[in-house]
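# A closer look at the structure
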Amino acid sequence: MSVFDIIGPRMVGPSSSHTAGALRLGLLTRALLGCTPERATIGLHGSFATTYQGHGTDRAVVAGLLGMAPDDPGIPDSLAVADRQGLEVVFEPIDLGAAAHLNTLRFDVAAGEESVSLVGASVGGGAVEVSHVNDHAVDLSGRFDTLLIQARDVPGTTATITQRLAATGINIAFLEVGREKRGREATMIIQTDHAIPDSVVDEIEDYEWVISTRRLSKVTD
Amino acid sequence: MLTSIAEIIDRTQANGVPIWRVVLTEEVEDTEQPEAAILERLAERLATMRSAVERGLSSDAPSVSGLLGGGARRFESWRQGEASVVGPFVGRVIARAQATMEVNARMGTIVATPTAGSSGILPAVLFTASDELGFSEDELVRGLLTAAGVGQVIVARASVSGAAGGCQAETGSAAAMAAAALTELRGGNPESVSHSVAFTLQGMLGLVCDPVAGLVEVPCLTRNVSGAVQAVAGSELALAGLHFPIPADEVIDVMGEIGDQLDERYRETARGGLAATPTGQRLAGSVRWEGPGFENTNAARARDLARAAGLAPDG
């Protein structure tokens, strides 16, 4: 929690949760996909379902998918930009149950053959919490550069990757390792204090037991 | 991470420094950023806040919905006339709280302090203090640090989100932050800053979030006026040497507890309070959703979907 979370973000109005926070969830989804989506279905839960238009949530979410920052003056025009760039967006009200935060969004986005999903809440003052990535439960705040790794569940994978990061001087803030079943696929979620260079991610991708990697750049101070 | 006002006061006493210094030291340790970079970035945020106030006071442009526009400028002119009784300090505070909120409602650039829906309060109090009492830019940046420390404690113990805790969590928090900044700028010691937080937030307890048509406009703009005036009163009470008997941390905790108990209707869903009155519903039906970028197939599709689900007003 930085002072810039409280005195900020610097943003286009009118709502830090419904505009700036929603935009950040869009930015995270874009990062997860790795490019501007061609198709996006955005599920709106709770307060988002009833009040998204008046807060410009639709424009903010699309601005995030297009890669705009929370203070980009182009946010009010983002829907027109999306049309021009061939991003097709559908908004639909959804019910994620009483336990979900009232300001929760679900993104299902695709470009070409690639598709990803992300569920996250805008929890106030522009802060966000991502609860699901590709329907895997996660707990991400967007405050750290994050590397998501899908790997085969073989011994030594965690040690290899943490040593590779340490050799580049990258400090790990949070590390989470989980798997569905022994010997199958394992998921590693690494949140770091420093951005991980492309070359290091490429190297990690080349390990024969790595199935895929995804990166989420930090979106919050 | 700062999690209690009591702990902040302890640190001011242990180190013989003011609150803003405790907050700055914590930020340097947490983020490993140099002090000068943090101060420079805060000064940039302060400049954005100032620019929003100035634009709000000089333009009658309507909000995206058309519900707001021109109120700040009209009040600024009224408060300078002979009929106004509030005096220059409170008069400026009332005008400026409206100014930022009008800019916010027309999708202008503001700084969320701590949220966009409560972004009118801190700049209204700080820039009025600067104009009326002569504080420098450096002093105002310190005010931002003091305010941020209080905001961090509130986030740690309760919430600053209207959807989580109602309007008390948004404008109540902003008012408590503004009171703390003003009290420390005016020479109040850390204990009186703490009392100013308690005096201010106790007066905002229970306030629901009930935005008409779901917009950050009515009653958000005038709730920012209430919060800003409450902040000035809370600061004055503390500077006069009065003590609020419940400690600030406990007032913050109870704000969080009340927020947890608030029905969903009163947490930014636009289904209760002023939003649900006959006139609130009529206004929601008359809002023009069209604005810059809204004449668009995506928006039209979204609107139709929401209407089909009974979630957005016709009209």
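Being a predicted model, the structure only gives us computed values, none of them experimental.

Interface size is often expressed as the accessible area that is lost when the parts come together. Taken together, the contact pairs 59 residues of chain B with 50 residues of chain A. Taken together, chain B and chain A are joined by zero salt bridges. Linking chain B with chain A are 13 residue pairs in polar contact (both at pLDDT 80 or more), by the criterion used here. For the side of chain B that touches chain A, the secondary-structure elements that each account for two or more residues are α2 (19–31), α3 (35–58), α5 (87–105), β1 (109–111), α7 (137–157) and α14 (297–308) of chain B. Tallying contributions element by element places α14 of chain B first for the side of chain B that touches chain A, with eight residues.

A separate point is the nonpolar core. Residues Ile7 of chain A together with Leu42, Leu122, Val125, Leu126, Leu144 and Val150 of chain B are the most contacted members of the largest nonpolar core, which totals 72 residues. Looking at this core, the element that brings in the most residues is helix α9 (residues 167–185) of chain B, giving eleven residues. Leaving out residues up to four positions away in the same chain, valine 125 of chain B has contacts with Val93, Ala178, Leu182, Ala228, Ala231 and Val232 of chain B. Within the second largest apolar cluster, 45 residues are counted, among which are Val12, Ala22, Leu66 and Leu216 of chain A.

On inspection of all chains with the given rule, the structure shows 24 salt bridges over all chains. A salt bridge links arginine 164 of chain A to glutamate 203 of chain A, with the nearest nitrogen and oxygen atoms 2.5 Å apart. You can see arginine 164 of chain A sitting in helix α6 (residues 157–167) and its partner glutamate 203 of chain A sitting in helix α7 (residues 198–206), a full 39 residues away along the chain. The closest approach of N and O atoms between aspartate 263 of chain B and arginine 265 of chain B, which form a salt bridge, is 3.2 Å. On the basis of relative accessibility, which here comes to 37%, the residue aspartate 263 of chain B falls in the partly exposed class. Looking at arginine 265 of chain B, the relative accessible area reads 38%, which means it is partly exposed. Put simply, Arg92, Arg96, Asp131 and Glu132 of chain B are held in one network by salt bridges that share partners.

All names here are of chain B. Entries for chain B in the domain assignment read domain 1 (5–273) and domain 2 (277–308). With ten residues of domain 1 in contact, the opposing surface of domain 2 contributes eight residues. In total, domain 1 and domain 2 occlude about 680 Å² of area from one another, counting both sides; carbon and sulfur atoms represent 68% of this. By the criterion of area lost to domain 2, the three top residues of domain 1 are Val64, Val212 and Ala213, representing 49% of everything that side buries.

Sheet strands associate in pairs through backbone hydrogen bonding, adopting either a parallel or an antiparallel arrangement. Residues and elements named next belong to chain A. With mixed pairing, the six strands of this open sheet are ordered in space as β3-β2-β4-β5-β6-β7. A single partner strand is all that each edge strand has here, and the edge strands are β3 (88–93) and β7 (136–140). Averaged over all adjacent pairs, the angle separating strand axes in this sheet is 20 degrees, with direction ignored. With eight bridges joining them, strand β2 (residues 39–46) and strand β4 (residues 103–111) adopt antiparallel strand pairing. From the neighbouring strand, threonine 41 faces β4, where its bridge partner is aspartate 108. Along the sheet, helix α2 (residues 16–33) contacts β4, β5 (114–124) and β6 (127–133); its crossing angle with β5, the most-contacted strand, is approximately 155 degrees.

All names here are of chain A. Taken domain by domain, chain A consists of domain 1 (3–140) and domain 2 (145–216). A straight line from the C-alpha centre of domain 1 to that of domain 2 covers 26 Å. Taken together, the contacts link eleven residues of domain 1 with ten residues of domain 2. The largest contributions to the domain 1 side of the interface with domain 2 come from Leu32, His136 and Leu140, which together make up 51% of the buried area. Notably, a salt bridge pairs arginine 214 with glutamate 114, separated by 2.6 Å at the nearest N-O pair.

With that out of the way, let us pick up the confidence of the model for chain B. Scored by pLDDT, chain B comes out at a mean of 91, with 91% of its residues at no less than 70. Counting interchain partners and residues more than four positions distant, the pLDDT-below-50 stretch residues 290–302 of chain B has 32 contacts.

Moving on: unusual backbone geometry. Cis peptide bonds are those with omega within 30 degrees of zero, and the linkage from glycine 13 of chain A to proline 14 of chain A qualifies with 10 degrees. The linkage connecting threonine 113 of chain B with the following residue, proline 114 of chain B, adopts the cis geometry, with an omega of 0 degrees. Along the chain, proline 114 of chain B falls in the loop between β1 and α6 (121–133). With a phi angle near 55 degrees, glutamate 32 of chain B is a residue other than glycine that sits in the positive phi range. Mapped onto the fold, glutamate 32 of chain B is located in the loop between α2 and α3. With a phi close to 60 degrees, alanine 270 of chain B is a non-glycine residue in the positive phi region. Relative to the helices and strands, alanine 270 of chain B is located in the loop between α12 (248–261) and α13 (278–286). For alanine 270 of chain B, a relative accessible area of 22% puts it in the partly exposed group.

Scanning the model with the defined rule gives three aromatic pairs over all chains in all. Taking 5.4 Å as the distance between ring centres and 80 degrees as the angle between the ring planes, the aromatic pair formed by phenylalanine 144 of chain A and phenylalanine 174 of chain A counts as edge-to-face. Residue phenylalanine 144 of chain A is located in the loop between β7 and β8 (145–152), and its partner phenylalanine 174 of chain A is located in strand β9 (residues 172–179); the two are separated by 30 residues in the primary sequence. Using a relative accessible area of 47% as the deciding quantity, one classes phenylalanine 174 of chain A as partly exposed. Residue placement shows arginine 41 of chain B over the ring face of phenylalanine 4 of chain A; its charged tip is 4.2 Å from the ring centre.

Cut-offs applied
- Residues numbered from 1 in each chain as written.
- Chains lettered and ligands numbered in written order.
- Predicted model: local features only at pLDDT ≥ 70, side-chain atom pairs only at ≥ 80, totals over all residues.
- Heavy atoms only, no water.
- Contact = heavy atoms within 4.5 Å.
- Salt bridge = Lys/Arg side-chain N within 4 Å of Asp/Glu carboxyl O.
- Polar contact = N/O pair within 3.5 Å; in protein donor to acceptor, adjacent residues only side chain to side chain.
- Helix = DSSP H or I, 4+ residues; strand = E, 2+ residues; numbered from the N terminus.
- Core = buried A, V, L, I, M, F, W, Y, C linked by side-chain atoms within 4.5 Å.
- Buried < 20%, exposed > 50% of the residue type's maximum accessible area, 1.4 Å probe, protein only.
- Domains from an automatic or database assignment.
- Buried area = accessible area lost by both parts, 1.4 Å probe.
- Pairing = 2+ DSSP bridges.
- Axes fitted to C-alpha atoms, helices over the stretch in contact; angles between N-to-C directions.
- pLDDT = per-residue confidence, 0-100.
- Phe/Tyr/Trp six-rings, centres within 6.5 Å; stacked < 30°, edge-to-face > 60°.
- Lys NZ or Arg CZ within 6 Å of the ring centre and 35° of its normal.

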